[in-house]
Amino acid sequence: MTGRRARALAVLGAVLGGLVIWIVVPSGLAQDAAGGKGLALEKAFPSSSKCKRCHERVFEEWETSPLSKSIHSPTFRAALDEYLTFSGGKDKALCFKCHAPHVNEFAEQAVVFVTQVRSGDPIFDGVGCAQCHLIKQIDRSSQPPVPKYELGKTLFGPYRDSVQNLAHQSMESELFRKSGLCLNCHLSVPSAASLGKSNDLLGSWETSHAVKSGKECQTCHMPEQVGESANGENKRKVANHSFPGRIGKLRQEAAKLDIDTEVKGEQTTVKVSVHSLVPHNLPTTHPGWARVVLELAIKGKNLKTVFTDQRVYGRNYADAKGQNTVFDFMATKVVDDTVLKPEETRVETFTFPTPKDTRSFDVETSLSYAPVTGPQPFLQRIEAESSQGAQDPAFQAISIVKRSVNIPLGK
Ligand code: HEC
Ligand code: HEC
Ligand code: HEC
Ligand code: HEC
Ligand code: HEC
């Protein structure tokens, strides 16, 4: 722990002794941590660890979610620096508008956010509890949409009949049951030049069967369960805060693969149908390296691989010079777009020589999220920044679904 951080925590610890979480900090102390008004920020948006005391289940779920790491990952750190170099230091707040949305309230302190991220161990959360539960409304007139915060002691949430407590007031807000809260950050990401409609991340999700049948983002990504909302309170309907996505069981509901094989003498044709069950684009196309890959392997005699091929689903961007780029903030153009559209079925055809000297062969297919890609210096930077080095999760593919069949060969 750095001295700076230890000091900040000591101060916080001291003021947190009481029951109330929003405390007036003596102005002298406000000149600490994050080089300035770090504590004013901390006061308005208390750290999630303070909610843990009473909301242990929610906290533990959130802690495993990607949201708890939205400004902590080595990949974000490296990408932020690429962006700042590219923008020449202009609009330092851009990435934080979604990765640490309280920047919207502290715009003049964007540089503090940058310093904190660069430290590798920011003293505040990115998308923590307060960053969502202080949102009163969403202003969709600007791009990206801006959350309208009401800073104070009232936390907004899904319950009308929230049990009273000593730390905060509660108020029901319809927004928390609706996709609108999520769209704020998940609908589209701005880029160097106006990409217009093509820069949307979700596609025509509104016309999907799932959405038409009344599903919101929360239905799938914050599944309902029964448990304690606050420690020791009666069990009731609660929402899972681990935000299953690339990690979590939801992945198994992302797609189905069907294999149709036709052997015609020397040539064999395999048709793989990829049925996306996702009511929005798969993958979502921010960051620019987000890809889903379909792989095919044919195993012949002695299970030896005799043929492989793949198809890649994603969006390729070009920058102002016409060069391909994985950084969507540099993009001025979409070169090609192969993302799986909401609930789409894509049929891929592969043709190869029929395996010889064998009574049967295997057709193996798999769909997975691809690891991060990009220029070498960027990848090396992630490796250097990560405590896990080349084992950083960003370098691992994540399997979505696999399917294989054995095809007998008539003599
Ligand atoms: C303030 C901005 C913001 C809001 C509001 C927000 N998210 Fe996110 N969300 C993010 C960011 C940033 C990440 C990426 C975190 C990371 O991986 O570093 C993310 C990640 C996710 C993931 C993980 C994606 C993956 O690839 O696994 C899911 C699922 C998700 N959010 C769902 C939701 C849902 C559902 C809501 C609404 C209830 C919501 N989010 C509201 C910013 C937001
Ligand atoms: C409009 C909201 C928004 C803005 C602005 C935004 N992001 Fe994101 N970012 C997200 C969301 C949402 C995700 C999760 C994406 C998903 O899984 O679909 C994400 C994911 C990421 C990831 C992958 C997860 C991780 O932590 O490794 C990186 C890297 C990233 N963003 C970098 C940036 C950078 C750099 C900028 C600024 C140039 C930026 N983002 C601006 C919303 C945003
Ligand atoms: C002293 C204990 C305590 C602390 C600390 C605390 N809460 Fe609560 N909170 C509760 C209780 C009790 C409920 C009511 C639960 C119920 O009705 O089942 C509640 C309810 C909520 C609700 C639901 C409100 C609604 O109307 O839907 C939200 C959201 C919430 N808390 C967020 C937070 C956040 C964010 C923090 C940290 C900044 C926090 N709480 C800190 C005790 C606490
Ligand atoms: C990305 C936004 C987001 C973040 C971050 C977030 N929540 Fe929530 N929270 C929601 C939404 C949306 C609901 C309502 C879900 C529903 O009912 O479908 C909710 C519901 C709740 C509830 C009532 C239901 C329940 O599960 O107990 C509590 C309490 C709560 N949140 C506390 C917290 C705490 C504490 C944290 C941090 C550890 C946190 N939330 C982080 C969006 C968020
Ligand atoms: C019917 C269920 C369902 C609904 C509704 C739904 N999603 Fe998803 N979502 C999925 C599945 C399935 C996946 C893919 C598997 C995975 O990554 O978990 C996914 C993936 C994601 C991812 C990660 C994608 C990536 O490429 O990394 C994000 C982010 C996301 N959804 C956000 C949202 C948002 C925001 C909404 C609301 C507009 C929403 N989802 C509505 C089922 C759903």
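Described below are features of the structure shown in this document.

Rules and cut-offs
- Residues numbered from 1 in each chain as written.
- Chains lettered and ligands numbered in written order.
- Predicted model: local features only at pLDDT ≥ 70, side-chain atom pairs only at ≥ 80, totals over all residues.
- Heavy atoms only, no water.
- Helix = DSSP H or I, 4+ residues; strand = E, 2+ residues; numbered from the N terminus.
- Buried < 20%, exposed > 50% of the residue type's maximum accessible area, 1.4 Å probe, protein only.
- Contact = heavy atoms within 4.5 Å.
- Areas by Shrake-Rupley, 256 points an atom, 1.4 Å probe, with all protein chains shown as cover.
- Pairing = 2+ DSSP bridges.
- Axes fitted to C-alpha atoms, helices over the stretch in contact; angles between N-to-C directions.
- Salt bridge = Lys/Arg side-chain N within 4 Å of Asp/Glu carboxyl O.
- Arc of directions from axis to C-beta.
- Donors = N, O, S within 2.8 Å, 3.2 Å for Na, K, Ca; no water.
- Tetrahedral: all angles 85-135°; square planar, octahedral: opposite > 155°, others 65-115°.
- Near = heavy atom within 4 Å.
- Polar contact = N/O pair within 3.5 Å; in protein donor to acceptor, adjacent residues only side chain to side chain.
- Nonpolar A, V, L, I, M, F, W, Y, C, P; charged D, E, K, R; others polar.
- Phe/Tyr/Trp six-rings, centres within 6.5 Å; stacked < 30°, edge-to-face > 60°.

Attention now moves to the overall build of the chain. Each helix and strand counted, the chain has 13 helices and 15 strands in total. Across the 411 residues of the chain, 45% fall into the buried class. At a minimum sequence separation of 6, the contacts of the chain that also span at least 24 residues come to 63%. Of the roughly 21200 Å² of accessible surface on the chain, 53% is carried by carbon and sulfur atoms.

Strand pairs in the sheet, formed through backbone hydrogen bonds, run parallel or antiparallel to each other. If you walk across this open sheet you meet the 3 strands as S7-S8-S13, and the pairing is antiparallel. Both edges of this open sheet fall to strand S7 (255–264) and strand S13 (345–353), since each of them pairs with a single strand only. The sheet shows a mean angle of 15° between the axes of neighbouring strands, taken without regard to direction. As paired elements, strand S8 (residues 267–276) and S13 share 9 bridges and run antiparallel to each other. Bridge pairing links Thr269 to Thr351 in S13.

Tallied over the entire structure, the rule returns 19 salt bridges. Two residues, Arg118 and Asp81, come together in a salt bridge whose shortest N-O distance is 2.8 Å. Here the residue Arg118 occupies a position in helix H8 (residues 110–118), and Asp81 occupies one in helix H6 (residues 74–87), the gap between them amounting to 37 residues. Among the ionic pairs, Arg236 bridges to Asp161, the shortest N-O distance being 2.7 Å. Here Asp161 lies in the loop between strand S3 (154–157) and strand S4 (169–172) and Arg236 lies in strand S6 (residues 235–239), a separation of 75 residues in the sequence. In the salt-bridge network here, residues are joined through shared partners; they are Arg77, Asp81, Arg118, Arg381 and Glu385.

Moving on to helix H13 (residues 376–385). For H13, every residue scored as buried is listed here: Phe378, Leu379 and Ile382. Around the axis of H13, the buried residues are gathered within 100° of arc, so they sit on the same side. In H13, those exposed residues whose orientation departs by more than 90 degrees from the buried face are Gln376, Pro377 and Ala384. Of the surrounding elements, those touching the buried residues of H13 are H6.

His133 (NE2) and His241 (NE2) make up the full set of protein donors to the iron atom of ligand 4, lying at 2.0 to 2.1 Å. Metal-centred angles of 87 to 179° between the 6 donor atoms at the iron atom of ligand 4 mark the site as octahedral. Placement of His133 in helix H9 (residues 129–133) and of His241 in the loop between S6 and S7 is noted, with a sequence separation of 108 residues between them. On the basis of relative accessibility, which here comes to 23%, the residue His133 falls in the partly exposed class.

A few words now on the site of ligand 4. Among the 24 residues in the neighbourhood of ligand 4, the closest are listed as Arg57, Cys129, Cys132, His133 and His241. In the model, a nitrogen atom of ligand 4 is placed 2.9 Å from a nitrogen or oxygen of the His241 side chain. Secondary structure elements with two or more residues in the shell around ligand 4: helix H5 (56–64), H9 and S6. With 4 residues, H5 is the single largest residue contributor to the shell around ligand 4. Along the lines of polarity and charge, the residues of the shell around ligand 4 split into 16 nonpolar, 6 polar and 2 charged.

In the vicinity of ligand 5, 22 residues are found, and the nearest of them are Cys217, Cys220, His221, His280 and Tyr369. In this structure, His221 approaches ligand 5 through a side-chain N or O atom, which is 2.7 Å from a nitrogen atom. One of the backbone nitrogen or oxygen atoms of Thr284 is found 3.0 Å away from an oxygen atom of ligand 5. For the shell around ligand 5, the secondary structure elements donating two or more residues are helix H10 (180–186) and helix H12 (217–221). Ranked by residues supplied to the shell around ligand 5, first place goes to H12 with 3 residues. Here the residues of the shell around ligand 5 are counted per class, giving 12 nonpolar, 5 polar and 5 charged.

For Ile247, the position within the fold is in the loop between S6 and S7. Look past the residues within four positions of Ile247 in its chain and what remains in contact with it is Thr64 and Pro66.

Inspection of the entire model under this criterion finds 13 aromatic pairs. Here Phe76 and Phe96 contribute two aromatic rings whose centre-to-centre distance is 6.2 Å and whose plane-to-plane angle is 70°, an arrangement assigned as edge-to-face. Linking Phe76 in helix H6 with Phe96 in helix H7 (residues 96–99), this pair joins segments that are 20 residues apart in sequence. Residue classification places Phe76 among the buried positions, given a relative accessible area of 9%. Accessibility expressed as a relative area gives 0% for Phe96, which makes it buried. Ring geometry for Phe113 versus Phe124: centroids 4.8 Å apart, planes at 55°, classification tilted.

The next subject is the coordination of the iron atom of ligand 1. Donor atoms from the protein around the iron atom of ligand 1 number only one, His186 (NE2), found at 2.1 Å. Here His186 is to be found in helix H10.

Glycine aside, a negative phi is what most residues show, and trans is what most peptide bonds show. A cis amide bond links Leu282 to the next residue, Pro283, at an omega of -5°. In this fold, Pro283 is placed in the loop between S8 and strand S9 (291–299). Following His286, the chain continues into Pro287 via a peptide bond in cis, with omega recorded as -5°. With respect to the helices, strands and loops of the structure, Pro287 is situated in the loop between S8 and S9. Look at Asp91: it is not a glycine, yet its phi comes out positive at around 45°. Among the secondary structure elements, Asp91 is positioned in the loop between H6 and H7. With a phi close to 55°, Leu303 is a non-glycine residue in the positive phi region. Tracing the sequence through the fold places Leu303 in the loop between S9 and strand S10 (305–318).

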